[in-house]
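Structural features, examined
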Amino acid sequence: MTFSKSLAMGVAALVLSAGTALAQSTEIRIGVALEPPALDPTAGAAEAIDIVVYQNVFEGLTRIDQTGAVQPDLAESWAVSDDGLTYTFKLHDGVTFHDGSTFDADDVKFTFDRILADDSVNAQKALYAPISTVSVIDPLTVEMTLSRPDGLFLFNLGRGDAVIVAPESAETNATQPIGTGPFAFVQWNRGSRVMLERYEPYWGEKPALTKATYVFISDTATMTNALLAGDIDGTNNFAAEALPVFENNPQFKVLVGSTEGETILATNNKKSPFDNLKVRQAMAHALNRQEIIDGATYGYGVPIGTHFAPHHPYYLDLTDTYPFDPEAAKALLAEAGYPDGFSATLKLPPVAYARLSGQIIASEFAKVGIKLELINMEWAQWLEDVLTNKDFDLTIVSHVEPFDIGIYADPNYYFGYDNPEVQALNEQLNATIDDAERKTLAQKIETIIAKDAVNGYLFELAQTGVWNAKLEGMWQNAPIEGVVLRDIHWAE
Amino acid sequence: MIPLLRGHPRLLVGAGISLLLALAGLVSLVWTPYPIEQVVVAERFLGSGPQHWLGTDHLGRDMLSLIMSGTLTSFLVAGLAAGIGIGIGVPMGLAAALWGGWVEWLVLRVSDLTFAFPAVIVAILIATLVGPGESNAIFAIGIFNIPVFARVARGGALTLVGQDYVAAARLAGRNRIAIAWLHLLPNIGSLIIVQGTIQLSLGILAEAGLSYIGLGTQPPATSLGLMLRDAQSLFLIHPWLSIVPGLAIVVIVIALNMAGDGLRDALDPRLRRQELGHVAG
């Protein structure tokens, strides 16, 4: 009696689970390595925030598509004055926030006033500094005036840092994000997952998915098992060393794409002996880029010779500026007054590409006489020591911001490069709108910083996604930080 | 020494293997087949072969060289940690046995308190204060060892303080420190050596654990636990990289335990039934 009853319940459970398996065709569970510290992209620099909410929960006036191009979003169209100083945006009608309130021009003004306020905690405040006024013409028209022309203005409006927030919910977005996007926030189980569900009154085209869960799994072995067991349906960026597990498995597809992450051996240009050009050139000659790419990224990284993304139309291939040549490196070190080399420290943040590259570079540098002491640190300590206090010799880090060559024009940035020529060129670049002219200027800067060997230019990080073979619509490349759910759907 | 070994095959095998491994570790100070910091990415993931007897790891480093060097780290950390335990724990235990009263109470309560914090907790504390590293592991395991030796020393000494020769020494006017040094310490020596061997094997296990979770040895130095950590995400593709250091840890720990058991039997048959093992947390 009891036995048959439990058997019947077992069968019922089986039927139920089969039912959920079918119903799952509009749900997705995505594994993500890092849990975001908060969920407000306008108040934090962490990429993990954008991965969950960018274009899913929050939207900006423009958005970046998967090719890196600017598309209209909350602004359905715009007009630019001839001097490039006045932008008039026509806003979409019928847009609501997830709490039901209506989106209008006042929200746009509020958002940008908040970004530009003195007490703003926006991570990219400097990008929006050219905005001098934001005025509401009518509820669906906003006019922005700039203090100088800005060639990247529309792109910058499409970043996660400039998504539109409502005055009523801005303060609580960190824990209870409320935006205008196709997905509304449901729940955040700290240390475990964030759940989103489709926002039915969404103004635009409705996405195919009804429910999305971001599951936080920091350990590669655990992520591997979660994928194999079907606990998650995919991950946007999986550890390259374990990719072969999925490469020949028909149940999965591996998407290898580009990111905006230039990985560099950042060098303290203000500190001796690195203030000596010959020393920096010697280090550039001592780097065996291909070995670093094979060892640290399992061959998935793309070599770079300057601080620019190789897939960008402005990119100039400068990898041969200082080719791998240990003898030339030794000769340059001798010329610089270090015939027996020198000792230095290499501070490494807790990411696999940095820790592995560090060991490989230490071995390569040892061959030309430069002895490196590796110091492993956690992110908080790295941010304080290296980025804030500039207390370092060398470090390895990936700069993941799109089009971030402007950091070479800031003498107070952590690697301390002070070249008036680059600063002048960068100012000219920022004020230029014509594409051909911009390209020329950008390439001039690329060449100067490559010749000056400001930093060791290693490789562009790849994005290596692993997804269930039946999933479609994921971004192969990552022209901007985020995992955009808009087009993801299950194939029949 | 030889007759002592003959009657105890476990001691012979255990001590033999332990000494051999310790020797291999010591050799790594002056010679390894390949330098351990030499990265040759083009030659990574090689299986075992004439060039590299145990193959190469994910950075093309020779596994045999890494194992030799890692074994040295293990013995060094566990040995120094046992040294800390003996150096502080034994005097504490002797003092407790000789003075009694509040001294004994204090030693026992301090022991209880230290036992309450596993080595990992102590290691996390030290890592937060001064950053992770080998010395971190040595102190964390060393602190854990102190109460173990304090209890063994006190237990051994308590059975001796009532003996006539100790009473005679006291009547002859020797102070307590001299009694401890001349009469108690030599007689509990065998207990300490046996316990030391067992703590050595537990220390090696603890060091591997701490390095595995990233609180112990840091690259480019190596340890068996760190090798396991590096190999973890590669386990499904290159299981060999995990099996080699894993087996090395197992062999060292079993050999040391056999040596410890054998020593106990050989040095003091009366202790045969007494439980000496303590489990590291």
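Nothing here was measured: the structure is a model prediction, and the numbers come from that model. (Residues numbered from 1 in each chain as written. Chains lettered and ligands numbered in written order. Predicted model: local features only at pLDDT ≥ 70, side-chain atom pairs only at ≥ 80, totals over all residues.)

Quick word on the overall build of chain B
- Per the secondary structure count, chain B includes 10 helices and zero strands.
- If you list the helices and strands of chain B from N to C, you get α-α-α-α-α-α-α-α-α-α.
- A principal-axis box enclosing the C-alpha atoms of chain B has dimensions of 75 × 50 × 30 Å.
- Put simply, chain B has 281 residues, and 48% of those count as buried. (Helix = DSSP H or I, 4+ residues; strand = E, 2+ residues; numbered from the N terminus. Buried ≥ 20, exposed ≤ 12 C-beta atoms within 10 Å, placed from the backbone.)

Structural notes on the overall build of chain A
- From N to C terminus, chain A includes 13 helices and 19 strands.
- Taking 492 residues into account, the globule formula puts the C-alpha radius of gyration at 23 Å, and chain A, at 25 Å, falls close to it.
- Seen along its three principal axes, the alpha-carbon backbone of chain A occupies a region of about 85 × 65 × 35 Å.
- Taking all 492 residues of chain A together, 45% fall into the buried category.
- Of the contacts made within chain A by residues no fewer than 6 positions apart, 71% connect residues no fewer than 24 positions apart. (Rg over C-alpha atoms; globule rule 2.2 N^0.38 Å. Contact = placed C-beta atoms within 7 Å.)

Some thoughts on helix 7 (residues 277–286) of chain A
Residues and elements named next belong to chain A.
- The element helix 7 is extensively covered by neighbouring structure, given that eight of its 10 residues are classed as buried.
- Those residues of helix 7 that fall on the buried side of the exposure criterion are Val-279, Arg-280, Gln-281, Ala-282, Met-283, Ala-284, His-285 and Ala-286.
- For helix 7, the elements touching its buried residues are strand 12 (252–267), helix 9 (326–335), helix 10 (352–366) and strand 17 (456–468).

A few points about the pairing of strand 6 (residues 131–138) of chain A
All names here are of chain A.
- Of the pairings in the sheet, the one linking strand 6 to strand 7 (residues 141–146) comprises six bridges and is antiparallel in character. Residue pairing for strand 7: Val-136 is matched across the bridge by Val-142.
- Adjacent in sequence and paired antiparallel, strand 6 and strand 7 are bridged by two residues. (Pairing = 2+ DSSP bridges.)

Structural notes on the UniProt feature "transmembrane region" (unreviewed entry) in chain B
Residues and elements named next belong to chain B.
- When the UniProt feature table is mapped to this numbering, "transmembrane region" (unreviewed entry) covers residues 12–31, 75–101, 113–131, 137–161, 182–215 and 235–256.
- Regarding residues 12–31, the helix share stands at 95% and the strand share at 0%, and the terminal C-alpha atoms are separated by 27 Å.
- A distance of 38 Å separates the end C-alpha atoms of residues 75–101, which is 96% helix and 0% strand. (UniProt positions renumbered as here; feature names shortened; annotations may be inferred.)

A closer look at the interface of chain A and chain B
- Each partner contributes to the interface: chain A provides 18 residues, whereas chain B provides 15 residues.
- For the side of chain A that touches chain B, the secondary-structure elements that each account for two or more residues are helix 5 (220–229), helix 6 (244–247), helix 8 (289–297), helix 10 and strand 15 (371–376) of chain A.
- Residues belonging to the side of chain A that touches chain B are distributed by class as follows: eight nonpolar, six polar and four charged. (Nonpolar A, V, L, I, M, F, W, Y, C, P; charged D, E, K, R; others polar.)

Side note on the nonpolar core
Residues and elements named next belong to chain B.
- Counting residues in hydrophobic clusters, the biggest one holds 150 residues, and the most contacted among them are Leu-94, Ala-123, Ala-140, Ile-141, Phe-149 and Ala-153.
- With 19 residues, the single largest contributor to this core is helix 3 (residues 63–99).
- Ala-153 has contacts with Gly-89, Val-90, Gly-93, Leu-94, Ile-188 and Ile-192, leaving out every residue within four places of it along the chain. (Core = buried A, V, L, I, M, F, W, Y, C linked by C-beta atoms within 7 Å.)

Quick notes on the pairing of strand 8 (residues 183–189) of chain A
All names here are of chain A.
- Note that strand 8 and strand 9 (residues 193–198) share six bridges and pair antiparallel. Each bridged residue has a counterpart across the sheet, and for Ala-184 the counterpart in strand 9 is Glu-197.
- In sequence, strand 8 turns back onto strand 9 through a hairpin of three residues, with Gly-191 there showing a positive phi of about 80°.

Overview of the UniProt feature "coiled-coil region" (unreviewed entry) in chain A
- UniProt tags residues 419–446 of chain A as "coiled-coil region" (unreviewed entry).
- Its end C-alpha atoms 13 Å apart, residues 419–446 of chain A is made of 82% helix and 0% strand.

Some thoughts on the sheet that holds strand 4 (residues 75–80) of chain A
Residue and element names in this part refer to chain A.
- Ordered in space as 4-5-7-6, the four strands form an open sheet in which the pairing is antiparallel. Each edge of the open sheet is held by one strand with a lone partner, namely strand 4 and strand 6. Neighbouring strand axes in the sheet, compared pairwise and without regard to direction, differ in orientation by 20° on average.
- Pairing between strand 5 (residues 86–91) and strand 7: five bridges, direction antiparallel. Across the sheet, Lys-90 pairs through a bridge with Thr-141, a residue of strand 7.
- The sheet contacts of helix 3 (residues 105–116) involve strand 5, strand 6 and strand 7, and relative to strand 6 the element is tilted by about 165°. (Axes fitted to C-alpha atoms, helices over the stretch in contact; angles between N-to-C directions.)

Topic: the packing of helix 5 (residues 119–130) of chain B against helix 6 (residues 134–161) of chain B
Residues and elements named next belong to chain B.
- Packing of helix 5 against helix 6 brings their axes to within 9 Å, and their N-to-C directions diverge by 140°. Between helix 5 and helix 6 lies a crossing whose hand is right-handed. Judged by residue contacts, Ala-119, Val-122, Ala-123, Ile-126, Ala-127 and Val-130 of helix 5 engage Asn-136, Ala-137, Phe-139, Ala-140, Ile-141, Ile-143 and Phe-144 from helix 6. (Left-handed = near helix turned anticlockwise from the far one by under 90°.)

Topic: unusual backbone geometry
All names here are of chain A.
- Here the bond from Ser-272 into Pro-273 is cis, since omega is 0°, no more than 30 degrees from zero.
- The residue Pro-273 is located in the loop between strand 12 and helix 7 in this model.
- At Ala-453, a residue that is not glycine, the phi angle is positive and equals roughly 45°.
- With respect to the helices, strands and loops of the structure, Ala-453 is situated in the loop between helix 13 (435–451) and strand 17.
- Residue classification places Ala-453 among the buried positions, given that 23 C-beta atoms sit within 10 Å.

Structural notes on the domain arrangement of chain A
Residues and elements named next belong to chain A.
- Taken as a whole, chain A is organised into domain 1 (59–172) and domain 2 (260–462).
- Here the C-alpha centroids of domain 1 and domain 2 sit 34 Å apart.
- Across the boundary between the two partners, domain 1 contributes six residues, which contact six residues of domain 2.
- Here the side of domain 1 that touches domain 2 is composed, by residue class, of two nonpolar, two polar and two charged. (Domains from an automatic or database assignment.)

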